[in-house]
Amino acid sequence: MKRTITHLADGRELIYFDRRDDADRSAADRRELGPRPVASELRYDPLTEEWIAMAGHRQTRTFQPKGTAAECPLCPSAPGRDTEIPAYDYDVVVFENRFPSFSGNFGTYEDVGGLSEVRPGAGRCEVVCFTSDHDSSFSRLSDDQVELVMEAWADRTAELSAVEGVEQVFCFENRGSEIGITLAHPHGQIYAYPYVTPRTKLNLGAASRHKGPGNLFADVLAAERAAGTRVVTSNEHWTAFVPAAARWPFEVHVYPHRQVPDLPALTEAQRAAFAPLYTSVLRAFDGLFGVVMPYIAAWHQAPVREGRDLAYLRLELFSIRRAPEKLKYLAGSESAMGAFVNDVLPEEAARMLRSQLDH
Ligand SMILES: [Zn+2]
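Residues numbered from 1 in each chain as written. Predicted model: local features only at pLDDT ≥ 70, side-chain atom pairs only at ≥ 80, totals over all residues. Heavy atoms only, no water.

Caption draft 1: Structural context of unusual backbone geometry. In this model, Gly 212 is joined to Pro 213 through a cis peptide bond whose omega is 20°. Here Pro 213 shows up in the loop between α2 (198-209) and α3 (216-227). Phi at Glu 49 is positive, roughly 55°, even though this residue is not glycine. Locating Glu 49 in the fold gives a position in the loop between β3 (41-45) and β4 (50-54). (Helix = DSSP H or I, 4+ residues; strand = E, 2+ residues; numbered from the N terminus.)

Below you can see the structure in the form of structure tokens.
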């Protein structure tokens with residue numbers, strides 16, 4: 001794997017991850033780009049003890065209802081058409097988001113009154129292009145390509161964990177217009193947060209109170225493997241299962257059998273075993289209703305400093321589609337009270353997904 005760091009016209013970093021060592025990455029970004037927006041401001045909610053990022057500048061970001069390759073900013077550049085990626089081809093590429101929620105570019109942040117502390121949204125947001133093929137999807141990537149994406153995720157996790165003020169690195173993919181995704185090109189994002197996220201705090205708190213026999217996440221995995229009814233698929237290194245108390249109509253958690261805190265800690269064998277298993281689960285998702293499944297795929301990694309011994313790397317995948325024509329919306333109970341009601345039994349969801357696996 002060859003890694004090449006370059007810079008875009010406005011100074012943002014762009015990193016090529018190439019399978020071939022002789023890839024030419026000298027192409028320059030010739031666009032005229034305006035100044036980069038300043039970081040969001042963070043405001044503390046004393047009622048929930050959570051930080052909320054105020055990113056007003058994001059209202060102006062690119063919106064592409066058509067999403068055709070001819071105007072896609074994530075496709076490689078072509079003669080007469082400059083995109084975010086100056087090269088005319090690439091394997092995997094990562095670059096700093098032009099309209100980030102978190103960045104190292106601070107403005108001025110004033111006291112806003114009320115019982116809220118305000119501080120700059122320090123950190124970083126990056127975009128990961130999984131392939132140069134506009135019409136592909138993660139589910140159709142080759143195992144080699146998935147492994148290259150994983151190398152990029154691991155590289156970025158290690159690098160961003162070393163950035164001052166960063167407390168947690170989150171690699172994720174939002175897919176589908178139903179999730180609000182504005183670009184059709186297969187891509188994901190990486191957020192480097194200046195705090196430990198609410199969800200991770202909850203999970204690690206539960207892990208610290210767990211009475212054993214082992215680590216909470218390891219015990220959940222062992223119990224799901226023993227029960228078997230919700231296991232979708234597994235191989236030597238990974239198991240994919242629908243959690244017993246799934247919140248979403250179709251939700252699959254993918255755990256490595258050996259506990260590691262984050263993506264950089266995965267062995268080569270673990271990484272190689274992940275690719276075929278995960279893409280088969282994604283294809284099963286798409287097979288359920290014969291229509292593209294909108295989903296969120298979220299890597300849960302250990303924070304940079306806190307609770308690393310308790311944390312357990314895993315991927316949580318879920319969709320808001322519950323039937324061919326029906327989406328699950330977060331309404332009163334979920335949005336106002338955080339109290340989820342799931343319309344699909346996890347055992348039934350697992351059975352449906354198993355029936356869609358490639359044979
Ligand atoms: Zn594209």
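Caption draft 2: Spatial organisation of the environment of Arg 81. Here Arg 81 lies in the loop between β4 and β5 (92-96). Along the backbone, Arg 81 and Met 54 are 27 residues apart, and their C-alpha atoms lie at a distance of 33 Å. Apart from residues no more than four positions distant in its own chain, Arg 81 is found in contact with Ala 69, Ala 70, Glu 71, Cys 72, Cys 75 and Pro 76. A distance of 3.4 Å separates the side chain of Arg 81 from the backbone oxygen of Cys 72, its partner in a polar contact. (Contact = heavy atoms within 4.5 Å. Polar contact = N/O pair within 3.5 Å; in protein donor to acceptor, adjacent residues only side chain to side chain.)

Caption draft 3: Molecular detail of the coordination of the zinc ion. Binding of the zinc ion to the protein goes through Cys 72 (SG), Cys 75 (SG), His 134 (ND1) and His 185 (ND1), at separations of 2.0 to 2.4 Å. Mapped onto the polypeptide sequence, the residues donating to the zinc ion form the spacing pattern C-x2-C-x58-H-x50-H. Of the two residues, Cys 75 sits in the loop between β4 and β5 while His 185 sits in the loop between β8 (168-175) and β9 (187-193), which places them 110 residues apart along the sequence. (Donors = N, O, S within 2.8 Å, 3.2 Å for Na, K, Ca; no water.)

Caption draft 4: Spatial organisation of the sheet that holds β9. If you trace the eleven strands from one edge of the open sheet to the other, you get β1-β2-β5-β7-β9-β8-β13-β14-β12-β11-β10, paired in antiparallel fashion. Single-partner strands in this sheet number two, and they are β1 (2-7) and β10 (231-234). Within the sheet, the average angular offset between the axes of one strand and its neighbour, ignoring direction, is 20°. (Pairing = 2+ DSSP bridges. Axes fitted to C-alpha atoms, helices over the stretch in contact; angles between N-to-C directions.)

Caption draft 5: The arrangement of empty space enclosed by the protein in detail. On inspection of all chains with the given rule, the structure shows four cavities of 30 Å³ or more. What the largest cavity holds in volume is close to 70 Å³. Lining the largest cavity are Thr 200, Asn 203, Leu 204, Phe 217, His 300, Gln 301, Ala 302, Ala 311, Tyr 312 and Arg 314. A per-class count over the lining of the largest cavity returns five nonpolar, four polar and one charged. (1 Å grid on protein atoms, 1.4 Å probe; cavity = no way out; pocket = protein on both sides within 12 Å on 5 of 7 lines; lining within 4 Å. Points joined across faces, edges and corners; volume = space filled by probe spheres on them. Nonpolar A, V, L, I, M, F, W, Y, C, P; charged D, E, K, R; others polar.)

Caption draft 6: A look at the nonpolar core. Within the largest apolar cluster, 57 residues are counted, with the highest numbers of intra-cluster contacts made by Phe 138, Trp 153, Phe 250, Val 252, Trp 299 and Leu 317. In terms of residues, this core owes the most to one element, helix α4 (residues 268-289), which gives eleven residues. Counting residues in each nonpolar core, the second largest holds 14 residues, with Leu 8, Tyr 16, Cys 72 and Val 93 among its members. (Core = buried A, V, L, I, M, F, W, Y, C linked by side-chain atoms within 4.5 Å. Buried < 20%, exposed > 50% of the residue type's maximum accessible area, 1.4 Å probe, protein only.)

Caption draft 7: Structural detail: the environment of Tyr 16. Residue placement: Tyr 16 occurs in strand β2 (residues 13-18). Sequence separation of Tyr 16 and Ile 190 is 174 residues, and the distance between their C-alpha atoms is 15 Å. Leave out the neighbours within four places in its chain, and Tyr 16 touches Lys 2, Arg 3, Thr 4, Thr 6, Arg 25, Ile 85, Pro 86, Ala 87, Tyr 90, Val 92 and Val 93. Reaching out from Tyr 16, the side chain makes a polar contact with the backbone nitrogen of Ala 87 at a distance of 3.3 Å.

Caption draft 8: The arrangement of the pattern of salt bridges in detail. Throughout the structure, instances matching the rule amount to 27 salt bridges. Of the charged contacts, one joins Glu 167 and Arg 305 as a salt bridge, the two residues approaching to 3.1 Å between their closest N and O atoms. You can see Glu 167 sitting in the loop between α1 (143-161) and β8 and its partner Arg 305 sitting in the loop between β13 (295-300) and β14 (314-319), a full 138 residues away along the chain. One salt bridge in this structure joins Glu 316 and Arg 314, with 3.0 Å as the shortest N-O distance. One exposure class covers both Glu 316 and Arg 314, and it is buried. Through salt bridges with shared partners, a single network forms among Arg 3, Glu 13, Arg 36, Glu 96, Arg 124, Glu 126, Asp 155, Arg 156 and Glu 159. (Salt bridge = Lys/Arg side-chain N within 4 Å of Asp/Glu carboxyl O.)

Caption draft 9: Highlighting α3. Over its twelve residues, α3 runs 16 Å from end to end, which matches the ideal 16 Å to within 8%, given 1.5 Å per residue. Listed in full, the buried residues belonging to α3 are Leu 216, Phe 217, Asp 219, Leu 221 and Glu 224. Measuring from the side-chain oxygen of the N-cap residue of α3 to the backbone nitrogen of Phe 217 gives 2.7 Å; that N-cap residue is Asn 215. In the stretch just after α3, Gly 228 is the one whose phi turns positive, near 75°. (Expected span 1.5 Å × (residues − 1).)

Caption draft 10: Representation of the side chain of Thr 157 within the structure. Here Thr 157 lies in helix α1. On the accessibility criterion, Thr 157 (3% relative accessible area) is buried.

Caption draft 11: Structural view of the layout of surface pockets. Its volume calculated, the largest pocket comes out at about 1,200 Å³. In terms of lining, the largest pocket is formed by 31 residues, of which the most central are Phe 170, Tyr 193, Thr 197, Pro 198 and Arg 199. Mapped onto the lining of the largest pocket, the elements with two or more residues apiece are β4, β8, α2, β13 and β14. Considering each element in turn, the lining of the largest pocket owes the most residues, five residues, to α2. In the lining of the largest pocket, the residues fall into 17 nonpolar, seven polar and seven charged.

By themselves, these figures tell us nothing about what the structure is for.
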